[in-house]
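Structural description and commentary
Residues per chain, in single letters:
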Amino acid sequence: MFESLIGLVAIIALFVIISRQQGRIGLIERELGALRSLVLSGAVSPTVKPSELEAAQGRADTAPVARPADIAPAPIGEPAPAPQATEAEIPAGGPGPWSAPEITPKTPEVAPAAVAKAARQSDVETALGTRWAVWVGGIALALGGLFLIRYTIEAGIFGPGVRLTMAAVLGLVLVAGGEFIRRTGFKVPVQGIAGAYIPAILTAAGAFILFGTVYAAHGIYGFIGPALAFTLLGAIGVATIAAALVHGQALAGIGLVGAMVTPVLIASQAPNPWALFGYLAIVLAATGVIARMRDWKTLMAAAFFGTGVWTILYMTDAPGANLSAILLIDAVTLAVLALVWLSSRGGDTGLAGTFDWPSIVPGLFVAFSALGLSVDPVFAAAGDALPGAVLLAVMIAVALYRPLALPLLYGAGLVTVLIYLGIIPPTSIASDFSGGALGVDGVPLATADALSLRIGIGLGLVFVAAGLWAARRFAATAQIRAASWAAWGVIVPLVVLLALWFTFGNLDRDFVYAAVAALLVLVFAAGGEWIARAEEPPLKGGAAVSFVLGGAAVAGLLMLHMAFDSGWTTILLGAAAIVPALATRWRSYPVLGWISVAAVIAVLGRAAFDPTIVGSEFLATTPVFNWLLPGYGVPALAFGFAAWQLARTTDGRPRLAMEAAAALFALLTLAMLVRHAMHGGVINNDAPTLAEQAIYTLIAIGAGAILIAIDRRSPSSVLRYGSMAVGVLSAAFIVIQHFLVLNPLFTDESTGRIPVFNLLFLAYLLPAVAAGALALYSRGKRPKWYSAMLALMAALLAFAYATLSVRRLFKGEFIGMWSGLGQLETYTYSALWLVIGVALLTAGVWLKSQVLRIASAALIAVAVLKVFLFDMSELEGVLRALSFIGLGAVLIGIGLFYQRLLTRAAKEKLSAGEQ
């Protein structure tokens, strides 16, 4: 009852809307007749813009009907003039939503205000009367057919066969009605409402009813078997897709959805994969032809998506899956992509874009099916990894044949990388393909056996050959495409080589894999030159060349690791930075300098992983002449030479980076040798020590100086603020670590047995000299507060070194506070602080540094307080007297010194005034 009421209301509303529209159409016809008569009589200009015509048509709903007296009649005896281009030119095949008729009307001019008012008045009525009426009507027809079938079932009026026949006849009538209206009654489509194309709506409603009828005949009543139902539903889907040629893409989408859902609707006791995938192949091919004719990208992507989903769902039933059927549907997918969808699309010229986005869908699903054949335990045990590899190779071939199918390259490359990363033992990547997803459960992703070895070699060769050839082919016309081929042409072989070495090779030393890596170095280097000669202009060294030469550098890195032990690998890696720098003499490729920088990063990584270069058990205890000297020194020299060479050729950012690396490794060489000598050959120590912190401080100060120097030669805000940040970091190290946390006065750490070159020398005097030198060097180059901060740190470090050295002189190797103070030691501090104060004052006057003068005044004030508050009570006899005598003499001397400075300044000012 409720459904009947809804249908009745919908019919009444539709009748009212149609009646109103018929009245308005008659009104528009009369208005057009009046306007035609005015044009013929010469009362208005015949030239009107199309936009003004649209406004006039919108105004027609509210304009009064012209009276007969206002219309100039045509002369008697003359035929009525024909309408002047008031209808669209209709294509031979009938109108459709893709056609954009060109209208050249002739109507009177309309004022802009009237245009806007008329447009606002007609928007709602246009939407209700055209767009909504058509859509609601189509839905109502489809539902009406279903409701009619339901009503006959409930009322028992007709039998099942008659009801199904009536539904089928209704569906066919709707399809025929849509075709009839398309051919005869739909000559003038309404402007702006292509989505309400009436023939397409009727055809879609008819197809919907036919789908439901066939399914009911099979699934509800059992009148027809699964084979016939499958065939009928597929035929309806394909026919609906074909009808989209004249009715639009939306109808094709309805037919495609119906065709893809058909296998779900039809159940069978003995499912046949050949029937399923044969049917899907037909649907995919038919959709591809139609989508290609109309260039419907969304429809094509949807067809690929549906086929791919069916393929993956079928593969989840791994024990019962048929390999041949899987390969068939994948082959059909690639064939439709290459031979149907991408045929004659201009991909070879490089002018049609980088890639075709619907190709992403088959690239994803076909690559995923190849991944399943290689990693699923059931497929792998059956030896299906080889067909999976062939499928990947076919994807590469299709991408070569159709350059717009570039996503196939990415899919094949990514899957190959995943497969061979998964065979590296141990791995945490695993496959649970029967569950429909990849998981992490500690099981290897793929089986490492002789077959995977041979497949890896084959796929590596395919990617190298195809990548280099395609990169050269597109180097001059499509740089992004060329770079993509070059990138995957080096990434996949390198990953395969690394995985096979880890799985089958000797990780300590393997000359066979090292020879393969050396061969890749030669192939990539020659390939980069080959590609560069095809560029426009030649030898530009673009992205493709950069990828290939970068691959040569990575292959060289692998070769060194495979052929040499850790010590020689680090040394040779540092020396290898010279090779690309020397190559800039003949080629100005931008990537060459960055390859040298990459060598720096590799050496830094190895040094961070093992600071001893060769391992702590193999590092000799001999000072200086051990593995640390060549391990850090040779890279420092190599980086310096590379910077020198780059300065004479490219002279860019890589040169600056190499200069910084050379200076950094020079500092590291010195610091590591000092640490090695101080700790008896021990480099690694879990507990932080003052000596270790001193090395870090020296490195930070040195890095600050290096950044300032580089910034002076090539100004950069990054270098400027980076140098200041490093300086602030150095000051923080000094205050927190040197003075508080690791101070041997508080920790009672051993200061060493050597009188001068001991821990105090390394931790206080050397940083004081470095900070003072940096403060002096940064004057005028950095803000005043920066130089003042470093000068203050230098003064405090020098003060700490002198004070702690005095205590070491009295206490020996251990200088902890709890060992007490002697009278002579106490007096020595007073004398020392006064001497240092005078020295700071002298340096401050000579260097014209206010910071040093203030520091000297503060230190002398501390000495004065100590003498009066501490020495007076703690010292006895001659030491107390000498303490006060010395203090007085120093203060008087400082007074005389300042008086002399003031007198000299006054004389210089007087002389300047007389002149």
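Residues numbered from 1 in each chain as written. Predicted model: local features only at pLDDT ≥ 70, side-chain atom pairs only at ≥ 80, totals over all residues. Heavy atoms only, no water.

1. Focus: the nonpolar core
The biggest cluster of nonpolar side chains holds 109 residues, and the ones touching the most others in it are Tyr 420 and Trp 485. Considering each element in turn, this core owes the most residues, 13 residues, to helix α16 (residues 479-504). In contact with Tyr 420, other than residues within four places in its own chain, are Ser 452, Ile 455, Gly 456, Leu 459, Val 496, Ala 499 and Leu 500. The next biggest cluster of nonpolar side chains, apart from the first, holds 32 residues, and it includes Leu 698, Ala 731, Leu 745 and Tyr 786. (Core = buried A, V, L, I, M, F, W, Y, C linked by side-chain atoms within 4.5 Å. Buried < 20%, exposed > 50% of the residue type's maximum accessible area, 1.4 Å probe, protein only. Helix = DSSP H or I, 4+ residues; strand = E, 2+ residues; numbered from the N terminus. Contact = heavy atoms within 4.5 Å.)

2. Re the packing of aromatic side chains
For the structure on display, the rule yields 11 aromatic pairs. Their ring planes at 75 degrees and their centres at 5.6 Å tell us that Phe 305 and Phe 365 sit as a pair that is edge-to-face. One end of the pair, Phe 305, is in helix α9 (residues 297-315); the other, Phe 365, is in helix α11 (residues 360-375), with 60 residues separating them in the sequence. The class for Phe 365 is buried, based on a relative accessible area of 15%. Centre to centre, the rings of Phe 641 and Trp 644 are 5.5 Å apart; their planes meet at 35 degrees, and the pair counts as tilted. Highlighted residues: Phe 641 and Trp 644, both in helix α22 (residues 628-647), separated by three residues, approximately one helical turn. The class for Trp 644 is partly exposed, based on a relative accessible area of 39%. Chaining the aromatic ring pairs together yields one cluster made of Tyr 632, Phe 639 and Phe 665. A cation over an aromatic ring shows up here: Arg 481 above the ring of Phe 474, its NZ or CZ 5.1 Å from the ring centre. The lysine or arginine in question, Lys 781, covers the ring of Tyr 777, its NZ or CZ lying 4.5 Å from the ring centre. (Phe/Tyr/Trp six-rings, centres within 6.5 Å; stacked < 30°, edge-to-face > 60°. Lys NZ or Arg CZ within 6 Å of the ring centre and 35° of its normal.)

3. Considering the environment of Phe 355
Within the secondary structure, Phe 355 sits in the loop between α10 (323-341) and α11. Each C-alpha atom of the pair Phe 355 and Ile 480 lies 9.8 Å from the other, and the pair is 125 residues apart in sequence. Apart from residues lying up to four places away in sequence, Phe 355 is in contact with Ile 360, Leu 404, Leu 406 and Pro 407.

4. Quick notes on the pattern of salt bridges
One pass over the structure, following the stated rule, counts six salt bridges. Residue Lys 297 is joined to Asp 295 by a salt bridge in which the shortest nitrogen-to-oxygen separation is 3.4 Å. Judged by its relative accessible area of 26%, Lys 297 is partly exposed. A salt bridge links Asp 565 to Arg 509, with the shortest nitrogen-to-oxygen separation between them at 3.9 Å. Remark: Arg 509 occurs in the loop between α16 and α17 (511-532) and Asp 565 occurs in the loop between α18 (543-563) and α19 (566-576); sequence separation between them is 56 residues. Taking the relative accessible area as the measure of exposure, Asp 565 reaches 32% and is therefore partly exposed. Assessed through its relative accessible area of 41%, Arg 509 is described here as partly exposed. Taken together, the salt bridges that share partners define one network made up of Glu 529, Arg 533 and Arg 587. (Salt bridge = Lys/Arg side-chain N within 4 Å of Asp/Glu carboxyl O.)

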